[in-house]
Amino acid sequence: MKISNKMTQELNIEQPIIMAPMFLVSNEAMMKAAIESGMMGVFPSLNFRNEGELENVLNNLKEYKETHPEFSGNYGVNLIVQRSNPLYEKHLKICIDHKVPFYITSLGNPKPVIDLAHSYGAKVYCDVTNIDHATKCAKLGCDGFIAVGQGAGGHAGPSPLHLLVPSLKYHFPEIPIVAAGGIANGKGILSALSLGAMGVSIGTRFINSTESSVSNAYKQGIIDAKMEDIVLTEKLSGTPCNIINTPYAKKLGYKQNWFEKLLSTNKTTKKYFKMLVQINGMKKLEDAIRPNNYKTLWCAGQSVELINDILPTKEITERLLRELDEAYELLQQELLAVNLSK
Ligand SMILES: Cc1cc2nc3c(=O)[nH]c(=O)nc-3n(C[C@H](O)[C@H](O)[C@H](O)COP(=O)(O)O)c2cc1C
């Protein structure tokens, strides 16, 4: 099935799939594999925090695209647009200077990204989990929404995709919607398209790609975990985040205590406390992905239920697309059978 719509055309990609940005997971090899597979590969700028790293990866991806016109994918950057992200302004400037073609914004006010990206024709999709935030992003002129639903890896939304996507579609019929959360096979993609999404954003499935450089223990953790092993914790960034419920995650607990809550809501302490929580959380996650670390904190979504292997990105994508075709065929046959039996 060839899918061509406003999202695939505006983002200049062949397949309606975004390889979702994943803190500490997304890397250059994954982005190149996404481009080769016809997808949009997006990485968080925060994965390249050392001096010169972000510039370097952006130069490499630009060159890769230019030297491989036969590959039908593209690349983009995810920016955490919150005042508590100390690198936000610096990273935004680097991305704009390098004319990044696509952005996904998360958590805060995306206005500066939208204005600057539009000055050279780049597109900006905003992570949204409810209609209020989507309304703000739409007023600022975003080009699309990443509808982040329940069960997504990382900062999951509170609502299921089968409510969030149609509701966004109803309120903003002209704005492309990409469904994120719990999608790891062709049936999941078909269901998202049937809800009104123009594409899907898939994270957890690609942690178990051969290009991903997380530890084997983390990848095995994804294979072993079931959907009920995924828990939401406020301990890493202050915002509920889905992780595998390892013994260390249990030991840390999942909720902020009353004092932490006070500091993160108080007008004067809010910004600095959130920054501190995030820096601590990042450090814990970074330590946890090192091999042989028993303090295992592994970010993943409920789609772990459907993931049983580690494969090259290209094979994962080809399988997703084959499954999508099969799911579509099967649905047509089943609907026909229902009609005939009436
Ligand atoms: C390990 C991991 C790290 C993530 N880090 C980020 C991030 O830095 N920024 C962001 O916007 N979303 C982040 N996400 C969320 C993904 O971009 C995407 O919304 C999510 O993975 C989709 O759900 P799925 O994992 O069920 O496919 C992360 C997800 C995972 C699994």
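Residues numbered from 1 in each chain as written. Predicted model: local features only at pLDDT ≥ 70, side-chain atom pairs only at ≥ 80, totals over all residues.

Peer 1: Give me the lowdown on unusual backbone geometry, citing residues and values where you can.
Peer 2: Although it is not a glycine, Asn12 adopts a positive phi angle of roughly 60°. The phi dihedral of Lys99 is positive, around 50°, even though this residue is not glycine. Within the secondary structure, Lys99 is located in the loop between helix H4 (88–97) and strand S4 (102–106). With 13 C-beta atoms packed within 10 Å, Lys99 lands in the partly exposed category. (Helix = DSSP H or I, 4+ residues; strand = E, 2+ residues; numbered from the N terminus. Buried ≥ 20, exposed ≤ 12 C-beta atoms within 10 Å, placed from the backbone.)

Peer 1: Go over the packing of helix H8 (residues 186–195) against helix H14 (residues 313–340) with me, naming the residues and quoting the values.
Peer 2: For the pair H8 and H14, interaxial distance at closest approach is 7 Å and the crossing angle is 65°. Between H8 and H14 lies a crossing of right-handed hand. Together, Gly186, Lys187, Ile189 and Leu190 of H8 and Leu320, Arg322, Glu323, Leu324, Glu326, Ala327 and Tyr328 of H14 make up the contact between the two elements. The residue makeup of the contact of H8 with H14, split by class, is six nonpolar, one polar and four charged. (Axes fitted to C-alpha atoms, helices over the stretch in contact; angles between N-to-C directions. Left-handed = near helix turned anticlockwise from the far one by under 90°. Contact = placed C-beta atoms within 7 Å. Nonpolar A, V, L, I, M, F, W, Y, C, P; charged D, E, K, R; others polar.)

Peer 1: So what's going on with the sheet that holds strand S5 (residues 123–128)? Which residues, and what values?
Peer 2: Overall, parallel pairing links the eight strands, which are arranged S1-S2-S3-S4-S5-S6-S7-S8 in a closed barrel. Adjacent strand axes in the sheet meet at a mean angle of 25°, parallel and antiparallel pairs treated alike. Both strand S3 (residues 74–80) and S4 contribute to a ladder of four bridges, which runs parallel. Following the sheet pairing, Asn78 is matched in S4 by Ile104. (Pairing = 2+ DSSP bridges.)

Peer 1: Please give an account of the site of the ligand that cites residues and values.
Peer 2: Close contacts around the ligand come from 25 residues, with Ala20, Gly153, Gly154, Gly203 and Gly301 the closest. Taken together, the residues of the shell around the ligand break down into 13 nonpolar, 11 polar and one charged. (Near = placed C-beta within 6 Å.)

Peer 1: I'd love a proper account of the nonpolar core, names of residues and values included.
Peer 2: Judged by nonpolar contacts, the single largest core of 93 residues is most densely connected at Phe145, Ala147, Val178 and Ala179. Here this core takes five residues from helix H2 (residues 28–36), the largest share from any one element. Contact partners of Ala147, with chain neighbours within four places excluded, come to Val128, Leu161, Leu164, Val165, Leu168, Ile177, Val178, Ala179, Ala180 and Ala197. (Core = buried A, V, L, I, M, F, W, Y, C linked by C-beta atoms within 7 Å.)

Peer 1: Help me get a handle on the environment of Phe206, residues and values and all.
Peer 2: Mapped onto the elements of the fold, Phe206 is located in helix H9 (residues 204–207). Expressed as a C-alpha distance, the spacing of Phe206 and Thr129, which sit 77 residues apart in the sequence, is 22 Å. Apart from the residues lying within four places of it in its own chain, the contact partners of Phe206 are Met19, Met30, Ser212, Thr313 and Ile316.

Peer 1: Kindly report on the pairing of S4, identifying the contributing residues and their values.
Peer 2: Most of S4 sits out of view: five of its five residues are buried. Side chains of S4 alternate between two faces, with Phe102, Ile104 and Ser106 and Tyr103 and Thr105 buried alike. In this region the chain leaves S3, passes through H4 and returns to the parallel neighbour S4; the handedness of that crossover is right-handed. Inspection of the sheet shows S4 paired to S5 by four bridges, in the parallel sense. (Right-handed = clockwise from strand over helix to strand, strands pointing away.)

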